[in-house]
Amino acid sequence: MSPSQLRSASVRLARLARNEGVASRQGSATFSGRRYMSKDVARDPMTGEAVSTGLPNIEPSLLTITRTASPKQLPPSSKLLFGRTFSDHMLRIPWTEATGWGAPSIEPFSTINLTPAATVLHYAQALFEGMKAYRHTDGTVTMFRPDMNMKRMNDSARRLALPAFNGNALIECLRQLILLERDWIPKEPGHSLYIRPTLIGTNGTLGVQPPHEALLFVICSPAGPYYPQGFKPVPLYGTTDAEYIRAAPGGTGAFKLAANYAPGVVAQKSAAKAGYAQNLWLHGPEHWLTEVGTMNLFAVLKGEDGVTELVTPPLDGMILPGVTRDSVLALARGHAAGIKRLQGLPSQLRVSERPINMDEIIGASEAGRLVELFGTGTAAVVTPVEKIGYLGSDIIIPTGEDGMGPVSKPLWTELVGIQTGKIPSEWNFVVAKQ
């Protein structure tokens, strides 16, 4: 394709992603229109639910910057471990029910002073996001689809009765933070700056109720490639409801809440003790596949009609609406529709958001129609699976010589190409030009 054709295909893919995103979000995970642009909130006296007010929203023009007096050096890339090293500065934005959102400030990275009665400590009123900023070869710095994170963060805030905010305003504050910390983005290929926005309830009153005070803060951590030595497929342990439950209908599985993650640690330890890297979360007596550890799940099957099918569970209220999940679906659908054909993908590809259970996985494996299985997420992008331990037996998942499969590899190649700027795309939000 010529550069102009690439840009045209990128625009059409972005439109397809937006349309598919609206169509596919269901149940309690639904986003409606530009919901992340909502006004600040007060509480309905009867229900405690958020209602729009005229109180101040996040205002980037009020942002102040206080530079650290003791700047640190970016460690060598070979020494980087995910989430262990943090940049020099952080973003803080306070909120109170009486005054709305306060002035944003970028300050030296430091501790947060909380009362021992803070609601986040007692009632887990906390949510977060995971994002990345990338340095392109020409020096341009971008964030990948930050609008999707803002939508999801606001949806999570509503689920916890925490304050919503103007997503574009927070993106601008993030842009200023990344501009200040751009030297913390490693220059080596495959590296990035991991960005962790967090929102917590901070008022010091015991009692289960909507918080009257909150703090939104953002920290940054330089990150190397998730698989520095190449892709290594992981073994999964099929975890049924009889052992541990990650999410249930009407619960909080579709939201990125802190309280969703800690209970999974003991389940992962149990899987590791049995010789598996992560849990494959299975729901209900039919053992429906939901997620892989903390990642979304994709299975690839060869249909009886010979057509390759890419399957992922639907957003039914238990599944987190992942940004990488949405991107993989958009790229695959763009390929299937002929908007932009991806080299290496099967010419005929069926893309499905539908339930899939272990009986179907086993049946496809026995019939030689199970092509591959992989997880997707911000940290790893794509994680291939080599086997599933299920009810005392192992189901072997095909993988290629490089650890990836025939569908996951072209999708990963395209997605990473977009993120790193090799492939033009509207999904990249420009933080700074060269």
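The model shown is predicted, which means the values in this text are computed figures rather than measured ones.

Q: Please give an account of the overall build of the chain that cites residues and values.
A: Helix and strand counts for the chain come out as eight helices and 21 strands. Split into buried and exposed, the 434 residues of the chain put 53% on the buried side. Within the chain, contacts between residues at least 6 apart in sequence are counted, and of these 72% link residues at least 24 apart. Counting every atom, the chain has about 18900 Å² of accessible surface; 54% of that belongs to carbon and sulfur.

Q: If you had to explain the confidence of the model for the chain to someone new, which residues and values would you point to?
A: Confidence along the chain averages 89 in pLDDT terms, with 87% of residues attaining 70 or more. Counting contacts from residues 18–40, a segment whose pLDDT is below 50, to residues more than four positions away or on other chains yields 59 contacts.

Q: Which residues make up the pattern of salt bridges, and what are the values?
A: Inspection of the entire model under this criterion finds 14 salt bridges. A salt bridge links Arg-152 to Glu-129; its shortest N-O distance comes to 2.7 Å. A residue pair is termed long-range when its members are at least 10 positions apart, and Arg-152 in helix H3 (residues 146–159) and Glu-129 in the loop between strand S7 (126–128) and strand S8 (131–135) qualify at 23 residues. A residue is classified by how much of its surface remains accessible, and Arg-152, at 4% relative accessible area, is buried. Where Glu-360 meets Arg-354, a salt bridge forms, and the shortest distance between an N and an O atom there is 2.7 Å.

Q: How would you explain the environment of Val-381 if you had to name every residue and give the values?
A: Take Val-381: it is sitting in strand S19 (residues 381–390). C-alpha of Val-381 to C-alpha of Pro-225: the two residues are 156 residues apart in sequence and 9.9 Å apart in space. Apart from residues lying up to four places away in sequence, Val-381 is in contact with Thr-324, Gly-375, Thr-376, Trp-412, Leu-415, Val-416 and Gln-419.

Q: How would you summarise the side chain of Glu-291 if you had to cite specific residues and measurements?
A: One can find Glu-291 in strand S14 (residues 288–292). At 2.8 Å, the side chain of Glu-291 forms a polar contact with the backbone nitrogen of Leu-320.

Q: How would you summarise the nonpolar core if you had to cite specific residues and measurements?
A: Ile-58, Leu-91, Met-143, Leu-170, Ile-195, Leu-199 and Leu-216 are the most contacted members of the largest nonpolar core, which totals 40 residues. Of all the elements in the fold, those that place two or more residues in this core are strand S4 (89–96), S8, strand S9 (141–144), H3, helix H4 (167–180), strand S10 (192–201), strand S11 (213–223) and strand S21 (428–432). Counting residues per element, this core draws most heavily on H4, at eight residues. The contacts of Ile-58, once residues within four sequence positions are left out, are Ile-93, Trp-101, Pro-104, Phe-165, Ala-169, Leu-170, Cys-173 and Leu-216. Core analysis: the second largest hydrophobic core is formed by 27 residues, Tyr-134, Val-323, Ala-332 and Met-404 among them.

Q: Give a description of a nonpolar patch on the surface that names residues and reports values.
A: A cluster of nonpolar side chains, contributed by Tyr-123, Leu-206 and Val-208, occupies part of the molecular surface with about 330 Å² of accessible area. Relative to the assigned elements, Leu-206 resides in the loop between S10 and S11.

Q: Would you mind going over helix H6 (residues 323–336) in detail, with residue names and values included?
A: The first and last C-alpha atoms of H6 sit 20 Å apart over 14 residues, in line with the 20 Å expected at 1.5 Å per residue. Counting buried positions along H6 yields 13 of 14 residues, so the element is predominantly enclosed. One or two steps after H6, the chain reaches Gly-338, where phi turns positive at roughly 80°.

Q: Hey, could you go over the pairing of strand S12 (residues 234–239) for me, with residue numbers and the actual values?
A: In terms of burial, S12 is largely enclosed, as five of its six residues are buried. With four bridges connecting them, S12 and S19 associate as parallel partners. When the sheet's bridge partners are listed, Leu-236 is paired in S19 with Ile-388. Relative to strand S13 (residues 278–283), S12 runs parallel, the two being bridged by four bridges. Following the sheet pairing, Thr-239 is matched in S13 by Trp-281. Handedness of the crossover is the feature at issue here: the chain leaves S12, passes through helix H5 (residues 263–273), returns alongside S13, and the resulting connection is right-handed.

Conventions used here
Residues numbered from 1 in each chain as written. Predicted model: local features only at pLDDT ≥ 70, side-chain atom pairs only at ≥ 80, totals over all residues. Heavy atoms only, no water. Helix = DSSP H or I, 4+ residues; strand = E, 2+ residues; numbered from the N terminus. Buried < 20%, exposed > 50% of the residue type's maximum accessible area, 1.4 Å probe, protein only. Contact = heavy atoms within 4.5 Å. Areas by Shrake-Rupley, 256 points an atom, 1.4 Å probe, with all protein chains shown as cover. pLDDT = per-residue confidence, 0-100. Salt bridge = Lys/Arg side-chain N within 4 Å of Asp/Glu carboxyl O. Polar contact = N/O pair within 3.5 Å; in protein donor to acceptor, adjacent residues only side chain to side chain. Core = buried A, V, L, I, M, F, W, Y, C linked by side-chain atoms within 4.5 Å. Patch = residues over 30% accessible without salt bridge, like charges linked within 9 Å, V, L, I, M, F, W, Y side chains within 5 Å. Expected span 1.5 Å × (residues − 1). Pairing = 2+ DSSP bridges. Right-handed = clockwise from strand over helix to strand, strands pointing away.

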